[in-house]
Amino acid sequence: MITIYHNNRCSKSRNALEILKKSNEKFKIINYLETVPNKKDIKTLLKQLGLEPIDLVRKNEIIWKENYRDQSLSSSQIIDAMIKYPKLIERPIVVKNDKAVIGRPPELIIDLIKT
């Protein structure tokens, strides 16, 4: 089963959803702004993505710029910030089995589906 962490207001996320629909693969949608991932979920995603917490942050978001940009934060504090403000999480994230990709560019999603 494929999972997409989705934000319908994001064009990249909507494009990723279209790719999944066309793939004929079964998938589930998690609207992560409403169903916020917990610390364990984010750590799992980071492992699947092969990223550090800071790499999953949308650094151009006003919330990040105003509250966190100039601070020296631990990985745990960065994860806490993403939980408190899920809008900070890069999107879309697509997970298949034990691997995940951020769907930018969308071709990464196609490659993931084929594995």
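Residues numbered from 1 in each chain as written. Predicted model: local features only at pLDDT ≥ 70, side-chain atom pairs only at ≥ 80, totals over all residues. Heavy atoms only, no water.

Time to look at the packing of helix α2 (residues 39–49) against helix α4 (residues 75–84). Contact pair α2 / α4: the axes reach a minimum separation of 10 Å and the direction vectors enclose 115 degrees. For the element pair α2 / α4, the angle class is roughly perpendicular. Once α2 is placed against α4, the crossing between them reads as right-handed. Contacts between α2 and α4 pair Lys39, Ile42, Lys43 and Leu46 from the former with Ser76, Ile79, Asp80, Met82 and Ile83 from the latter. Per-class residue counts for the contact of α2 with α4 are 5 nonpolar, 1 polar and 3 charged. (Axes fitted to C-alpha atoms, helices over the stretch in contact; angles between N-to-C directions. Helix = DSSP H or I, 4+ residues; strand = E, 2+ residues; numbered from the N terminus. Parallel < 35°, antiparallel > 145°, perpendicular 65-115°, else oblique. Left-handed = near helix turned anticlockwise from the far one by under 90°. Contact = heavy atoms within 4.5 Å. Nonpolar A, V, L, I, M, F, W, Y, C, P; charged D, E, K, R; others polar.)

Structurally, Ser13 can be placed in helix α1 (residues 11–23). Here Ser13 falls in the buried class, since its relative accessible area comes to 0%. Those residues within four positions of Ser13 in sequence are excluded, and the remaining contacts are Ile4, Tyr5, His6, Asn7 and Pro92. (Buried < 20%, exposed > 50% of the residue type's maximum accessible area, 1.4 Å probe, protein only.)

The next point concerns unusual backbone geometry. Of note, the bond from Arg91 into Pro92 is cis; its omega dihedral lies within 30 degrees of zero at -10 degrees. Inspection of the secondary structure puts Pro92 in the loop between α4 and β3 (93–96). Cis geometry is found at the peptide bond from Arg104 to Pro105, where omega equals 0 degrees. Topologically, Pro105 is positioned in the loop between β4 (99–102) and α5 (107–114). Residues other than glycine seldom take positive phi values, yet Asn24 does so here, at roughly 65 degrees. Positioned with a positive phi, Asn97 is a non-glycine residue whose angle comes to about 55 degrees. Inspection of the secondary structure puts Asn97 in the loop between β3 and β4.

Turning our attention to α5. Taken as a whole, α5 has its buried residues at Ile109, Leu112 and Ile113. Down the axis of α5, the smallest arc covering the buried residues is 100 degrees, so these residues share one side. (Arc of directions from axis to C-beta.)

Moving on, we get to the nonpolar core. Of all hydrophobic cores here, the largest spans 21 residues; its most connected members are Tyr5, Ile42, Leu56, Met82, Ile89 and Ile93. Looking at this core, the elements with two or more residues in it are α2, α4, β3 and β4. Once residues within four sequence positions are removed from consideration, Met82 is found in contact with Ile42, Pro53, Leu56, Val57, Leu88 and Ile89. Counting 11 residues, the second largest nonpolar core, distinct from the first, contains Ile2, Leu20, Val101 and Ile109. (Core = buried A, V, L, I, M, F, W, Y, C linked by side-chain atoms within 4.5 Å.)

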